[in-house]
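Take a look at the letters that make up each chain.
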Amino acid sequence: MNRTHFSLFFLSLLILAGCKQSSDNEGEALVALRYEQNETVTYDEAVRFYQLLDNHYSEAKLLTYGKTDVGKPLHLFVMDSDKHFTPESAKQTNKRIVLINNGIHPGEPEGIDASLMFADDILRNKDGMRRLLDNTIICIIPVYNIGGMLNRSAYHRTGQTTPKEAGHRGNAKNLDLNRDFVKMDTKNAKAFAEIFRLWQPDVFLDTHTTNGTDHPQVITLIPFQTDALPEPLATFYHDSLITYLYAQMANAGFDMIPYVDYWNTTPKDGIKLNPQTPRYSTGYTGLFNSMSFMTENQIYANYPDRVHSVYHFKKALVTFTNEHSDRIGKLRKEADEFTSKQKEFVLQWDVDSTRFRMIRYKGYEGETEISPVTGLPRFGFNREKPYDTIIPYYERHIPVKTVKAPEYYILPQAWEEVVERLSINRTDMKRFTKDTSVTVQRYIIKEVKTSPYKYNWHRNHTHVELDIATEKVVVREGDYLIPVNQPANKYIVEMLEPEGQDSFFRWNFFDPILEEREYYSSFGFEENALRYLNEHPDFRKEWEEAIKNDTSLAGNHRAQLGYIYQHTEWADNVTKKYPVLRIEEKIQLPVK
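All of these numbers come straight from a predicted model, not from anything done at the bench. (Residues numbered from 1 in each chain as written. Predicted model: local features only at pLDDT ≥ 70, side-chain atom pairs only at ≥ 80, totals over all residues. Heavy atoms only, no water.)

## Regarding the nonpolar core
Stated formally: Take the buried residues of types Ala, Val, Leu, Ile, Met, Phe, Trp, Tyr and Cys, join any two whose side-chain atoms come within 4.5 Å, and each joined set is a nonpolar core. Categorising residues by exposure relies on relative accessible area from a 1.4 Å probe, with only protein chains included: less than 20% of the type maximum marks a residue as buried, more than 50% marks it as exposed, and the intermediate range marks it as partly exposed. Every helix listed is a DSSP run of H or I at least four residues long, and every strand listed is a run of E at least two residues long, numbered separately from the N terminus. For this analysis, residues touch if any pair of their heavy atoms sits within 4.5 Å.
The biggest cluster of nonpolar side chains holds 71 residues, and the ones touching the most others in it are Phe 77, Met 79, Phe 293 and Phe 313. In terms of residues, this core owes the most to one element, helix 7 (residues 233-251), which gives 10 residues. The residues touching Phe 313, leaving out its near neighbours within four places in the chain, are Leu 205, Ile 219, Leu 221, Leu 245, Met 249, Met 256, Phe 293 and Thr 295. In this structure, Ile 97, Leu 177, Val 182 and Met 429 belong to the second largest nonpolar core, which totals 63 residues.

## As for the packing of aromatic side chains
What counts is decided by this rule: Stacked, tilted and edge-to-face are the three classes assigned to paired rings of Phe, Tyr and Trp, where Trp is represented by its six-membered ring and a pair needs centres within 6.5 Å; plane angles under 30 degrees give stacked, over 60 edge-to-face, the rest tilted. Each ring is checked for a lysine NZ or an arginine CZ that lies within 6 Å of its centre and within 35 degrees of its normal; such an atom marks a charge sitting over the ring.
In total, this model carries 34 aromatic pairs according to the counting rule given. On the basis of an interplanar angle of 25 degrees and a centroid distance of 5.9 Å, the ring pair of Phe 181 and Tyr 284 is categorised as stacked. Taken together, the residues span a long stretch of sequence, with Phe 181 in the loop between helix 5 (146-150) and helix 6 (187-199) and Tyr 284 in helix 8 (residues 281-286) at a distance of 103 residues. Note on accessibility: Phe 181 and Tyr 284 belong to one class, buried. Aromatic side chains Tyr 244 and Phe 320 sit 5.2 Å apart centroid to centroid with 50 degrees between the ring planes, which places their arrangement in the tilted category. Linking Tyr 244 in helix 7 with Phe 320 in helix 9 (residues 303-323), this pair joins segments that are 76 residues apart in sequence. Tyr 244 gets classed as buried once you look at its relative accessible area, which sits at 19%. Under the relative-accessibility criterion, Phe 320 is labelled buried at 2%. Three or more aromatic residues joined by ring pairs form one cluster here, namely Tyr 144, Phe 181, Phe 192, Phe 196, Phe 204, Tyr 284, Phe 288 and Tyr 491. Sitting above the plane of the Trp 507 ring, Lys 183 keeps its charged end 5.5 Å from the centroid. Against the face of Tyr 387 rests Lys 268, its NZ or CZ located 4.4 Å from the ring centre.

## Focus: a nonpolar patch on the surface
Filter applied, for reference: A residue counts toward a patch only above 30% relative accessible area and without a salt bridge, and it is joined to like-charged neighbours within 9 Å or, for Val, Leu, Ile, Met, Phe, Trp and Tyr, to nonpolar neighbours within 5 Å. Reported accessibility uses the Shrake-Rupley method at a 1.4 Å probe radius. Residues are deemed covered only where the shown protein chains occlude them. The salt bridge definition used is simple: a Lys or Arg side-chain nitrogen within 4 Å of an Asp or Glu carboxyl oxygen.
A cluster of nonpolar side chains, namely Phe 356, Met 358 and Ile 390, defines an oily patch on the protein surface of about 310 Å² accessible area. Of note, Ile 390 is situated in strand 12 (residues 377-394).

## Remarks on helix 15 (residues 557-566)
Every buried residue of helix 15 is accounted for by Gln 560, Leu 561, Gly 562, Tyr 563, Ile 564 and Tyr 565. Against the buried residues of helix 15 lie helix 13 (526-535) and helix 14 (537-549).

## Considerations on a positive patch on the surface
Selection criterion: Counting rule applied: Lys, Arg positive; Asp, Glu negative; His and chain ends not counted. Throughout, a charge is located at the NZ atom of Lys, the CZ atom of Arg, the CG atom of Asp or the CD atom of Glu.
Positive charge collects at one region of the surface, where Lys 67, Lys 72, Lys 173 and Lys 187 lie side by side. Looking at the secondary structure, you find Lys 173 in the loop between helix 5 and helix 6. Of the residues examined, Lys 173 reaches a relative accessible area of 40% and is grouped as partly exposed.

## Notes on empty space enclosed by the protein
Formally: A cavity here means a set of points on a 1 Å grid, drawn over the protein atoms and nothing else, where a 1.4 Å probe fits but cannot get out; a pocket is an open set with protein on both sides within 12 Å along at least five of seven lines, and a residue lines either one if it has an atom within 4 Å of a point. Grid points are joined across faces, edges and corners, and a volume is the space filled by probe spheres set on the points. Under the scheme applied here, ten amino acids are nonpolar (Ala, Val, Leu, Ile, Met, Phe, Trp, Tyr, Cys and Pro), four are charged (Asp, Glu, Lys and Arg), and all others, including Gly, are polar.
The final tally for this structure, using the stated rule, is 1 cavity of 30 Å³ or more. Space inside the largest cavity adds up to approximately 30 Å³. Taken together, Pro 223, Phe 224, Thr 226, His 238, Ile 242, Leu 273 and Glu 395 make up the full set of residues lining the largest cavity. Its residues assigned to classes, the lining of the largest cavity comprises 4 nonpolar, 2 polar and 1 charged.

## A few points about the sheet that holds strand 1 (residues 60-67)
Selection rule: In this analysis, strands are considered paired if DSSP registers two or more bridges between them. Structural elements are reduced to axes, namely lines fitted to C-alpha atoms, with helices fitted over the stretch in contact, and the angle between N-to-C directions of any two is expressed from 0 to 180 degrees.
The strand order across the open sheet built from 8 strands is 1-2-4-3-5-9-6-7, with neighbouring strands paired in mixed fashion. The open sheet has two edge strands with one neighbour each: strand 1 and strand 7 (256-258). On average, each strand axis in the sheet is inclined to that of its neighbour by 25 degrees, with strand direction left out of account. Note that strand 3 (residues 96-101) and strand 4 (residues 136-141) share 6 bridges and pair parallel. Its bridge partner being in strand 4, Ile 97 is matched across the sheet by Ile 137. Against the sheet, helix 4 (residues 110-123) makes contact with strand 1, strand 2 (73-79), strand 3, strand 4, strand 5 (203-210) and strand 9 (291-298), and its axis sits at roughly 35 degrees relative to strand 2, the strand it touches most. Sheet strands touched by helix 6: strand 1, strand 2, strand 3, strand 4 and strand 5. Its angle to strand 1, the strand with the most contacts, is close to 130 degrees.

What follows is the structure, given as C-alpha cells:
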C-alpha cells in the first residue's frame, strides 16, 4: 500500500468511525497491519491507529505522559468498559490493572503489532473478547523507545531477516532503555515511572526478541524471581499464573519455554533464570510487587508467528487476570502491607543450584560449521539435527546479601538528582523544618572497585566494602527524612543502600564523595604536623612504630606526612563518608 492510499485509508476510517461506539456485536477491524507481509508499523502509523480506536470506541482513551528524549510524548492507551481513564478513578474500582510495554528495543517490534491487534480485537468484541474488560483495565504503551523507532532501517538487528525494516536498539540518546529504569538518565524512563507509579499495575509485561539460542519454540519467558515476592503472592504467581500461561500458550499452538540462558555450555546441561535487578523492567516493577514478565520471541522464527505468539500471550495474561481479579487484588494488598512493615531486605540474589525442576526442551544440535561467508569455522545450530529431551530448569534464588533497614533514612537536599528520582517514584518524604542535631549511623566507604568500561553512560561500581560508624550530625533545614514504613520500601532500600545491585551509589550518583577536596603539601603541612605530634604523644608512638614496620614509609618524607594526614583529624572529613544517613529507632523529629 503506497503512502497516498494509506492516508486515504485512514481518512475513510475516521469518517466511518463518526461517534464513539459500543456494541455487544462483533465489529469490523479498524487496524490494518502488514505483519503477514513481514512488515511492521511505523511510529506514526501506530499512533494514528490508537487514535482511531480512541475516536471510535467509548471504552478507549489515548493519553500522553511527559516527553521522551526525542521530544515526543509517551503515549498510554487505556481500555476500560466503565470508562475509568485516570489512575484516580481506576483506583475506585475493584478492577485489576495490566500494563503492557512495547518497543523498548524497536528492532524487536512484534509486541508493537500484537498490541494493536489485541486492542482492536477487544474493542470490536472479536470472539467475545470485550469480556476481558469486565474486571480488568488494560493499559498499553504503544512504543516506549520512540527515538529508536523513528530511526528505522533494514540494516539494524543483524541476526534478523524479518520484518523488512525495524527500529534501533538505542534511544534518542543512544541509551539502552532496558538498563535505565532506576538510574533514569532518559526522559523516557521518567515518563514510564510516572505512568507506573500512578497506575500501580497489578500485572506487567515487557515485550522483547532474543537472538540467542536457536530452537523450534517461537516464544520464551522471563518471569520476575518468585523468591523476591512476599508470600502468598509469590506462590500464587509461580504455581497459578505462570503455570496457566504455559498451558494456554500450548493450547494456542505456541509451546513456550523459559528463556534459554545456559547453566554451562549447552541447554542440555540445564537453563537458569538469572535474578532480575532493578535496572531492567521486570526488576524495577517487581520492587513494587507487580507480577511482572518479559517475553522474548525467537528472532529466527518467521515474523507472523512471532506476532501471533506474543498476541496469544497477552490474551492469556489478561484472561487470567480478569478471571482472578479479586484474588489478585487481595494478594497484592497483603503484599504491600507486608512490604510496609518489612525490616530485612535482600540486596543481592543468586541462582540456587540445588533446586530445579525438569522441563521438556526441544533444540537443535550446536556444532562447528564452515561459514558460507568467510569459509572459516564458526559455531552454529544445525536445524537438520533437532533433539527432544528433558533438562533441569533452575528458577529459584537464594539471598547472598541482606540488610536490616533503619527506621528512617536522611537524604541531604544537596543530592537533588536523587531527590528527583525518589519523587518521581512517589516516595513518601518529609523535610526538616529547622537545623537539627541527630545521632545517626553512617557508612564509610572502605573500598570500591569500578568498571573500566562505560556501560550505558556510566562506569558502574562493581564492588563496594563498607564500615559503619555512629555519629552526631547536624541535619539542615530542608533535608529529607524518608520513613521505611511504606509500600515503596523495597525500592527505597535498594536505591539508598550502597550495596544494592542497582543503587544510586553504584550508578555514580554519589561519586563526588569519593574525591578528595582537601589535601596536604610536603612543605606546608610540616608546622601543623609537628604540633600535632607534640600534642598527641600516643599518636606519635603509633606513627613511629608504623615507620619502623612499613618499608613504604621508611625514608619517604611525603609518605610519613601522609600517614599523619590520613590518620588524624586533618584527613578530609567528607571523602568516603556516604551522605545518606540511617536512624535506627523511631524518634520525634521536626519535619513536615
